[in-house]
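Commentary on secondary and tertiary structure
What follows is each chain in one-letter form.
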Amino acid sequence: MRRARTAAGLAVLVGLACLVAVPAPALAQRHRPVRGVEASEPSPDTPIDLRGRFGLDRIESLLARDEPGAVQRAIERARALGSPEALALIAPQRDPLAHVRTDSRAAVALVRALAEHTDDTDARHALGAVLTLAAGGGRREDRSPIGGSDAERFELARGLAAMALATSHEAEANALLDSAREAAGPAGRAATAALRAYPAQRARDDGMVADEARLALAATTGDLRGLDALTKQPLTAPAPITEDKHRPSEGARAHLLETLATLGDTRALTLARAARHDESARVRLAATRVLAAFGDPDADAACADLVKDDATVKDGIELARAVGRRRTADASTDRAARLDLLKAVAARLAASSDVDLRRACVDALGEFLAPEAVAAIAPFLADPALAVDAAEALARSARPEAMTALLAFARASAQNAPDGTRLALRAATMRHALGEDVNDPEGTTRGFIELASALAAGRSAEDRAVARAYLVVLGRLEPNLALADDAAEVRRAVLAVSPFDRALTVHAAATDADPVVRALAYAQLENEAPEQVATLELCRRLREGEVDAPLAARVLASRATISDEPLLALLQASDPLVRREAVRGFARSTAPDRSGRLAELARDEPDVEIRRAAIAGLVSQEEPSAAAADLLATSARLDPDPQCRALASGVRLADDTRDVAWLHSDRRPGNVPYQALLVTTASVRALAFDADGDALVLGVSAAPKQLRLAPRVPSYEPAAAQ
């Protein structure tokens, strides 16, 4: 019996040996030829790539499955394999989108796989097909395990495809982008953004027409030589473009001026002086911007001309604000021109009935380093439509006369208009927080302290809130006394404008009954997760969905003890703000699967804010995994969002925490103050408008801001965290 088994075993071994000894052509017949290349018979000595053959079979098997994620896994295997045969399977030549047209995750994976092979014709065609895919892809799928809709993720794939083509050195890739750019819609926008990020090197000659796209590309690359042909064309001649195909259009002439200024090319000054009186308002505006950017002596006069012209007044006011911010008018001639500009803005403020334009005028006047600017602003403290704007402009002014004007208004309002006194106190609080009060007369600060001390001891919660916040900021009142006030609006006001020690902040986060106070405490703790706040308590706050819910999600997700089910519930929350804060908290946790989850978010998440948070979390790791490092390298090159690319490259984005936001809401008297969230790219801050409709938020980022009024988030069941 043993002999029979031995004989059978030998037969099996002989059979396997014969199989391995089969000549290479017998197995090579099963291989698909490389696209575009005729297959040739390999020699008998060619080694057999059994690993590659098995990889192709595995890819084919996954593509044939009708189950979620199978196509994505097949594409990821093909990317790892990297052979032309593997690419031919995931992007067939006859229909490159055959496997991804209805699967947004697979589409993103396909683009990332093909981005490494843009030297291949079929890979470029497949990327071009993704770029021009109909908006929303083939169909809308259910919400994915980490959130985001199918349609949104197809747009991410489109942006990635455009970036991949823009990084290619092949002329055909440039042609595909040009074709998409000429079309309206998402494809055109994605192609334009990619060309700005990675401008193509194009042939130039003296007969090239200067269009805005070429100028933008030249500005991005810093190619001064490429502009030589364009600057030889007439800038100011208004002849129709149809008479001379080489004459730039009005938009191109304006863009050329701005492009030269961006590149620091001093030729822009000569052209700008010549174009100051151009018939086109757009060209005049561009010329003035160039003069202002270079600090040219003619900038003030040119800007004043724009302010006086009804066609350019709004842009002129904005430029006046930038010119006034320079605050370097020393020469007598320069000061005279600066005063002429100031008077032009003040005249518009006095004569206009457009409230938005008048607010812009007040804002611009606040930037001028001249006592005349303070004199022009101060009367509008008594104007209900402009009072807050005037107070903020004086708070930001570098002139010591600004504090004198605020104190005079506060004293005049003390008897009959307490809201005016509170307005002046808010401005004084903001002025001190910004450090603009260092040169103020000593008597003005003493006068404000006397006013604030009287209001801080009064019965009115509205008065106490503003007064105690001012005294805390100046160091004249202990924070713990202010936080002991029974009125929530007082605790909100003082916690919003001054940092406290950890014990006080943790106590407020754990025990305060007001959600805004708790949220302000969470924001001050920032990178810490106080254990004094129980997990079930955090879940309860998430379930209630009040203003502190997103910040509670951040604290909860940062805890290593949280189980998988509630963590997934946070990462797939329907509210994007809750999801973003959960990602930020999870990035600080010590969870063993942190790198993998963050990599998935950074790879597939269509919400750009959440993707930024995930990438920042990966970058913060001391020793990222090989997969995370690969993803960061790809994101640094291909992500459609400039901030994502910068973060993935290891660039730390600046966050100016010295700024102060003064928010005002026009509200009817008697309304209950409502809550809000101030959202920036760097932080989420809770706030509540006071009885006057105002809110000061210190330490906010200088980045663009979004205000969410009366925020509510979907309820979250705490049982999952037990």
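As the structure is a computational prediction, the values presented were derived from the model and not from experiment.

1. Thoughts on the confidence of the model for the protein chain
It should be kept in mind that the predicted coordinates are not to be read in detail where pLDDT is low. Residues of the protein chain with pLDDT of at least 70 account for 76%, and the chain-wide mean is 76. Contacts of residues 138–145 to residues separated by more than four positions or lying in other chains number 20 contacts, the stretch itself having pLDDT below 50. Long-range and interchain partners of residues 328–333, a stretch whose pLDDT sits below 50, account for five contacts in this model, where long-range means more than four residues apart.

2. Some remarks on helix α35 (residues 608–619)
For the α-helix, the turn length of 3.6 residues means that residues three or four positions removed from each other point alike. If you check α35, its first and last C-alpha atoms are 16 Å apart, about what 12 residues at 1.5 Å a residue would give, namely 16 Å. When α35 is considered as a whole, its buried residues turn out to be I610, R611, R612, A613, A614, I615, G617 and L618. Those residues of α35 that are buried are in contact with α8 (150–166), α33 (576–587), α34 (594–604), α36 (626–638) and α37 (642–648). The distance from a side-chain oxygen at the start of α35 to the backbone nitrogen of E609 is 3.0 Å, and the residue carrying that oxygen is D607.

3. A short note on the pairing of strand β4 (residues 694–700)
Counted residue by residue, β4 has six buried out of seven residues, so it is predominantly covered. Sheet topology note: the strand β1 (residues 659–664)/β4 ladder contains six bridges and is antiparallel. Bridge pairing in β4 places W662 opposite L696.

4. Observations regarding the nonpolar core
Counting residues in each nonpolar core, the largest one holds 145 residues, and the members touching the most others are L341, V345, F448 and Y470. In contact with L341, other than residues within four places in its own chain, are D300, C303, A304, V307, A320, V323 and F368. In terms of nonpolar packing, the next biggest core, distinct from the first, is built from 50 residues, L87, I90, L156 and A187 among them.

5. A few points about the pattern of salt bridges
Counted under the stated rule, the structure contains 39 salt bridges. The salt bridge partner of E172 is R124, with a shortest N-O separation of 2.8 Å. Remark: R124 occurs in helix α7 (residues 121–131) and E172 occurs in helix α9 (residues 171–182); sequence separation between them is 48 residues. In this structure, D641 engages R612 in a salt bridge whose closest nitrogen and oxygen atoms are separated by 2.9 Å. Taken together, the residues D641 in the loop between α36 and α37 and R612 in helix α35 connect sequence positions 29 residues apart. Summarising the burial analysis for this pair, D641 and R612 share the class buried. Each member of the salt-bridge network shares a partner with another, and the members are R554, R580, E581, R584, E609, R612 and D641.

6. Description of the environment of R464
Within the secondary structure, R464 sits in helix α25 (residues 461–473). Here the alpha-carbon distance between R464 and A493, two residues 29 residues apart in the chain, equals 9.3 Å. What R464 contacts, discounting residues up to four positions off in sequence, is L455, A456, G458, R459, A469, D485, A487 and V490. Here D485 takes part through its side chain, which lies 3.0 Å from a polar atom of the side chain of R464.

7. Some remarks on empty space enclosed by the protein
To find the voids left in a structure, one rolls a probe of water-molecule size over its atoms. Evaluation of the coordinates by the stated rule reveals four cavities of 30 Å³ or more. The calculated volume of the largest cavity comes to roughly 300 Å³. In terms of lining, the largest cavity is formed by 22 residues, of which the most central are A493, D690, D694, A695 and L696. Listing elements by their share of the lining of the largest cavity, those giving two or more residues are α23 (418–434), α25, α27 (488–497), α29 (515–525), β3 (684–688) and β4. The leading source of residues in the lining of the largest cavity is α27, at five residues. Its residues assigned to classes, the lining of the largest cavity comprises 16 nonpolar, one polar and five charged.

Quick notes on the rules
- Residues numbered from 1 in each chain as written.
- Predicted model: local features only at pLDDT ≥ 70, side-chain atom pairs only at ≥ 80, totals over all residues.
- Heavy atoms only, no water.
- pLDDT = per-residue confidence, 0-100.
- Contact = heavy atoms within 4.5 Å.
- Helix = DSSP H or I, 4+ residues; strand = E, 2+ residues; numbered from the N terminus.
- Expected span 1.5 Å × (residues − 1).
- Buried < 20%, exposed > 50% of the residue type's maximum accessible area, 1.4 Å probe, protein only.
- Polar contact = N/O pair within 3.5 Å; in protein donor to acceptor, adjacent residues only side chain to side chain.
- Pairing = 2+ DSSP bridges.
- Core = buried A, V, L, I, M, F, W, Y, C linked by side-chain atoms within 4.5 Å.
- Salt bridge = Lys/Arg side-chain N within 4 Å of Asp/Glu carboxyl O.
- 1 Å grid on protein atoms, 1.4 Å probe; cavity = no way out; pocket = protein on both sides within 12 Å on 5 of 7 lines; lining within 4 Å.
- Points joined across faces, edges and corners; volume = space filled by probe spheres on them.
- Nonpolar A, V, L, I, M, F, W, Y, C, P; charged D, E, K, R; others polar.

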